[in-house]
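Below, each chain spelled out in residue letters.
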Amino acid sequence: MKKEKKEKKEASRQIVQSTQQNVPIRDFIDGVVVTKDNKYVKILEVLPVPLFLKKVSEQNKIGDSFAALLKAAPSNIHIKSISVPADLSEQITDVTNSIEKETNGNCKKMGAEYERTLENGQKYGVSRRFFLSFPYSGRLRGKNAEEISEITQSLNVEAERISAMLRMSGNETVEIDPENPNEASARLFYMIYNRGKFLDIPFEERLKSIYEKYVEAYGNENFFLPPQDYIAPNKVQYSNSKYMIIDDRYYSFMYIPSYGYNPYVTTGWLDNFVNSYNGVDVDIFLKRMQKDEVQGAIKRNIGRSRLSLSETNDITDSFELSAQTANAGYYLKNGLASGQDFYYMSVIITVSGDSAEDVLAKKEELKKVARQMDITLRDNTFQSERTFNAVLPSS
């Protein structure tokens with residue numbers, strides 16, 4: 001009897017959900033993502049310059065140009081790097097076709113050897129993609145078609161401006177097909193939600209399958225195909241505090257707490273995380289604050305710290321803490337006075353894999369790397385659903 005009760009209790013903990021209702025995307029319009037909470041977001045795919053193949057002086061120039069971009073960019077920016085298995089299917093197909101047409105025996109052998117090399121690369125290789133997204137922050141709310149058109153036009157113009165600034169530092173952005181501006185965003189979200197199968201079941205195949213089901217159900221082509229129906233995986237499970245499961249892939253999250261940053265870093269300091277393992281994604285969130293608000297808060301903090309210093313013995317820990325707080329306040333104050341901007345920054349690292357053991361092992365290795373850089377990584381537990389939605393490029 002006790003065993004049956006225990007089994008029922010364990011079964012009740014298995015929270016398995018369809019993700020269709022949880023996908024926050026409502027529509028794609030003119031290359032812009034529209035979320036269910038009526039937020040409009042533009043996503044750019046960036047082809048970054050190979051930073052560490054440059055000289056140190058050139059690396060610093062690239063860093064300076066990125067800082068200049070931030071000053072002119074929207075106040076809220078989300079930078080996302082995604083690591084996925086390398087897709088070499090087109091190259092393998094081309095080589096296979098060439099071998100079939102080849103008449104020279106030696107050339108056939110060389111082609112076959114090259115084909116095996118590509119197949120190994122397909123099996124073990126990792127491809128990394130980089131995205132920059134930002135929301136519409138104007139007053140329009142998209143209440144009608146005219147407002148929606150103005151919002152999407154504003155975001156697309158801003159995207160062109162940011163692309164031009166990225167090109168100044170050697171970076172490029174992926175061109176969007178003007179005939180089908182929504183396809184790139186749809187493909188991206190399909191890949192994110194279907195990390196374990198997007199290579200085996202291509203986006204076109206999934207879209208065609210869902211479309212045919214709608215035609216069968218409605219009997220005509222005059223219907224709206226909700227993005228969540230062809231983006232979402234089959235199921236999502238939140239039964240463990242340390243990780244979540246989407247279909248058969250495991251996801252876990254870490255973040256750098258406010259006290260966990262090394263104050264002395266160089267250009268490209270996150271590269272050790274970005275280029276670590278297959279299944280490791282890095283999300284950087286930047287929010288530029290109004291200088292008037294920040295300066296007022298800094299003055300108040302400096303005033304409180306100075307008052308605390310005057311009332312505290314200079315050999316106590318409280319005195320040291322107050323002195324450090326005051327010095328930090330003066331540092332920020334001087335930076336703002338010299339024309340710099342104040343940003344809030346947060347970093348989230350997503351680790352995914354084929355098993356819980358694989359994911360947890362990767363996390364431990366990343367923590368070791370972080371310690372070597374004097375950076376602290378903390379596990380983000382009991383908040384998997386919220387964190388997964390936060391790191392989507394539509395957040």
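Residues numbered from 1 in each chain as written. Predicted model: local features only at pLDDT ≥ 70, side-chain atom pairs only at ≥ 80, totals over all residues. Heavy atoms only, no water.

Moving on, we come to the overall build of the protein chain. Of the regular secondary structure elements, the protein chain holds 13 helices and 13 strands. Across the 395 residues that make up the protein chain, the buried fraction comes to 38%. Taking all contacts inside the protein chain whose residues are at least 6 apart in sequence as the whole, residues at least 24 apart take part in 76%. By element, 50% of the accessible surface of the protein chain is carried by carbon and sulfur atoms, the whole surface being about 23,500 Å². Each charge sign in the protein chain was given a centre, from 52 positive and 54 negative side chains, and these centres are 7 Å apart. (Helix = DSSP H or I, 4+ residues; strand = E, 2+ residues; numbered from the N terminus. Buried < 20%, exposed > 50% of the residue type's maximum accessible area, 1.4 Å probe, protein only. Contact = heavy atoms within 4.5 Å. Areas by Shrake-Rupley, 256 points an atom, 1.4 Å probe, with all protein chains shown as cover. Lys, Arg positive; Asp, Glu negative; His and termini not counted. Charge placed at Lys NZ, Arg CZ, Asp CG, Glu CD.)

Its 17 residues place the ends of helix 2 (residues 56–72) 25 Å apart at the C-alpha level, agreeing with the 24 Å of an ideal helix rising 1.5 Å per residue. Turning to helix 2, its buried residues are Gln-59, Ile-62, Leu-69 and Leu-70. Looking straight down helix 2, one finds its buried side chains confined to an arc of 100°; they lie on one side. Of the exposed residues in helix 2, the ones pointing more than 90 degrees away from its buried face are Lys-61 and Asp-64. Taken together, the buried residues of helix 2 touch strand 5 (76–85), helix 5 (145–168), strand 11 (280–288) and strand 12 (343–353). (Expected span 1.5 Å × (residues − 1). Arc of directions from axis to C-beta.)

This brings us to the pattern of salt bridges. One pass over the full model with this rule turns up 15 salt bridges. One salt bridge in this structure joins Glu-365 and Lys-368, with 3.5 Å as the shortest N-O distance. Note that Glu-365 and Lys-368 are positioned in helix 12 (residues 356–372) at a spacing of 3 residues, about one turn of the helix. (Salt bridge = Lys/Arg side-chain N within 4 Å of Asp/Glu carboxyl O.)

So, on to empty space enclosed by the protein. Scanning the model with the defined rule gives 2 cavities of 30 Å³ or more in all. Thr-19, Asn-22, Val-23, Tyr-193, Val-236, Tyr-238, Met-244, Ile-246, Glu-385, Phe-388 and Asn-389 are the residues that line the largest cavity. Residue assignment for the lining of the largest cavity shows that the elements contributing at least two residues are strand 9 (244–246) and helix 13 (384–390). If one sorts the elements of the lining of the largest cavity by residue count, helix 13 sits on top with 3 residues. Along the lines of polarity and charge, the residues of the lining of the largest cavity split into 7 nonpolar, 3 polar and 1 charged. Space inside the second largest cavity adds up to approximately 60 Å³. Taken together, Lys-80, Ile-192, Arg-195, Tyr-251, Asp-281, Thr-350, Phe-388, Val-391 and Leu-392 make up the lining of the second largest cavity. Partitioning the lining of the second largest cavity into residue classes produces 5 nonpolar, 1 polar and 3 charged. (1 Å grid on protein atoms, 1.4 Å probe; cavity = no way out; pocket = protein on both sides within 12 Å on 5 of 7 lines; lining within 4 Å. Points joined across faces, edges and corners; volume = space filled by probe spheres on them. Nonpolar A, V, L, I, M, F, W, Y, C, P; charged D, E, K, R; others polar.)

As a further point, take the nonpolar core. The nonpolar side chains of a soluble globular protein tend to be buried, and buried together. Counting residues in hydrophobic clusters, the biggest one holds 38 residues, and the most contacted among them are Tyr-40, Phe-273, Ile-349, Leu-366 and Leu-377. In terms of residue count, the dominant contributor to this core is helix 5 (6 residues). (Core = buried A, V, L, I, M, F, W, Y, C linked by side-chain atoms within 4.5 Å.)

Attention shifts here to the side chain of Gln-237. Structurally, the position occupied by Gln-237 is in strand 8 (residues 236–237). Overall, Gln-237 belongs to the buried group, its relative accessible area being 15%.

Another point: the packing of helix 6 (residues 183–193) against helix 7 (residues 203–218). Put simply, helix 6 and helix 7 touch, their axes get as near as 10 Å, and they point 95° apart. Between helix 6 and helix 7, the interaxial angle falls into the category roughly perpendicular. Counting all contacts with helix 6, which are made through Glu-183, Ala-186, Arg-187 and Tyr-190, the residues of helix 7 involved are Phe-203, Glu-204 and Arg-206. Of the residues belonging to the contact of helix 6 with helix 7, the class tally is 3 nonpolar, no polar and 4 charged. (Axes fitted to C-alpha atoms, helices over the stretch in contact; angles between N-to-C directions. Parallel < 35°, antiparallel > 145°, perpendicular 65-115°, else oblique.)

With that settled, the discussion passes to the pairing of strand 5. Taking burial as the measure, the 10 residues of strand 5 include 8 buried ones, the bulk of the element. The sheet contact formed by strand 5 and strand 6 (residues 126–135) spans 8 bridges and is antiparallel. Residue pairing across strands places Ser-81 opposite Phe-130, the latter belonging to strand 6. (Pairing = 2+ DSSP bridges.)

Between its first and last C-alpha atoms helix 5 spans 35 Å; for 24 residues at 1.5 Å apiece the expected length is 34 Å, and the two agree. Of the residues making up helix 5, those classed as buried are Glu-147, Ile-148, Ile-151, Thr-152, Leu-155, Glu-158, Ala-159, Ile-162, Ser-163 and Leu-166. With a side-chain oxygen lying 3.1 Å from the backbone nitrogen of Glu-146, the N-terminal cap of helix 5 falls on Asn-144. Just downstream of helix 5 lies Gly-170, where phi reads positive at about 95°. (Polar contact = N/O pair within 3.5 Å; in protein donor to acceptor, adjacent residues only side chain to side chain.)

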